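Analysis of the macromolecular model
So you can see what is in the structure, the chains are spelled out below.
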Amino acid sequence: MKRDILIGTLVLAAGTLLAADPKDEVTAATKALADKDNYSWKQTTENAGGGGFGAGAAEGKVEKGGYIWTSREGRNNNTIESVKKGEKAAIKTQDGWQSLADLSSEQGRGRGMAMMLRTLRAPAAQVLDILPKMKDVKKDGDVYSGDLTEEGAKAQLTFGGRRGGNGPDISGAKASAKFWLKDGVLSKYELKVQGTVSFNGNDRDIDRTTTVEIKNVGSTKITVPDDAKKAME
């Protein structure tokens, strides 16, 4: 009888150890966030040396199965606001709200904004895309961390972490991520990316750190302007 109890205890202990894989814990916590009705986030992006493409602060809100709203710092201290739902999106420019289709037909900066809108995803979706590309995840105190594979790192050096088509050449790609959980739900993550992006003979060295903090889970509300809805039709 005692022997059976001991064996049962060992089996339960082994099962607990197997279930406590750090990567699985982060994945479960991220899926828990994705299942929430809504949440907000604050994003801060810093480039080594200051300034540079994508640097600055941004705010975002998302509703499950609904809208994604973002607001970020733009050039000349202006604010760039965007709304997306499914494959439709719009962004507020100096000329008012413009659709994704209108921006895609433009050259230069307009096309760049269209590319960013097309690949825009909420934090939970971003992390669920990153996790399978990580070599491993280790837990140290309250922090989960690990390195991405080379291909995973290369993907983070393009718009939205996606590659494909006739994209730029990438060398020296490295990336690492850290995650924080609260009550079984993802509450914060940090992504650090380094490498050289070469396009049309121009090289750009990138050393970028993006930090995203989740807030207002379950109490976030999104109000979409009528002009934005019209642009998305």
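Residues numbered from 1 in each chain as written. Predicted model: local features only at pLDDT ≥ 70, side-chain atom pairs only at ≥ 80, totals over all residues. Heavy atoms only, no water.

**What to know about the overall build of the chain**
Quick note on the threshold: Only DSSP runs of H or I reaching four residues or more are called helices, and only runs of E reaching two or more are called strands; each is numbered from the N terminus. Note on contacts: a residue pair is in contact if any heavy atoms of the two residues lie within 4.5 Å. Using the Shrake-Rupley algorithm and a 1.4 Å probe, accessible areas are obtained, with residue cover drawn only from the displayed protein chains.
When helices and strands are tallied, the chain shows seven helices and eleven strands. Put simply, of all contacts in the chain between residues at least 6 apart along the chain, 53% involve residues at least 24 apart. Carbon together with sulfur atoms contributes 48% to the accessible area of the chain, which is approximately 13800 Å² in total.

**A look at the side chain of T70**
Stated precisely, the cut-off is as follows: For the exposure calls, accessible area comes from a 1.4 Å probe over protein chains only, and a residue counts as buried if that area is under 20% of its type's maximum, exposed if over 50%, partly exposed in between. The definition of a polar contact used here is a pair of N or O atoms within 3.5 Å, where within protein one atom must be able to donate a hydrogen and the other to accept one, and adjacent residues in sequence count solely through side-chain atom pairs.
Residue position: T70 is located in strand 3 (residues 68–73). T70 gets classed as buried once you look at its relative accessible area, which sits at 11%. Among the polar contacts listed, one links the side chain of T70 to the side chain of S82, at a separation of 2.4 Å. If sequence neighbours within four positions are ignored, T70 has contacts with W41, E59, G60, I80, E81, S82 and L120.

**Regarding unusual backbone geometry**
Backbone phi values are negative for most residues with the exception of glycine, while trans is the configuration of most peptide bonds. With a phi angle near 55°, D183 is a residue other than glycine that sits in the positive phi range. Position of D183 among the secondary structure elements: in the loop between strand 9 (169–182) and strand 10 (185–199). In the Ramachandran plot, N216 falls in the positive-phi region, its phi being about 50° despite a non-glycine side chain. When its relative accessible area of 42% is taken as the criterion, N216 is described as partly exposed.

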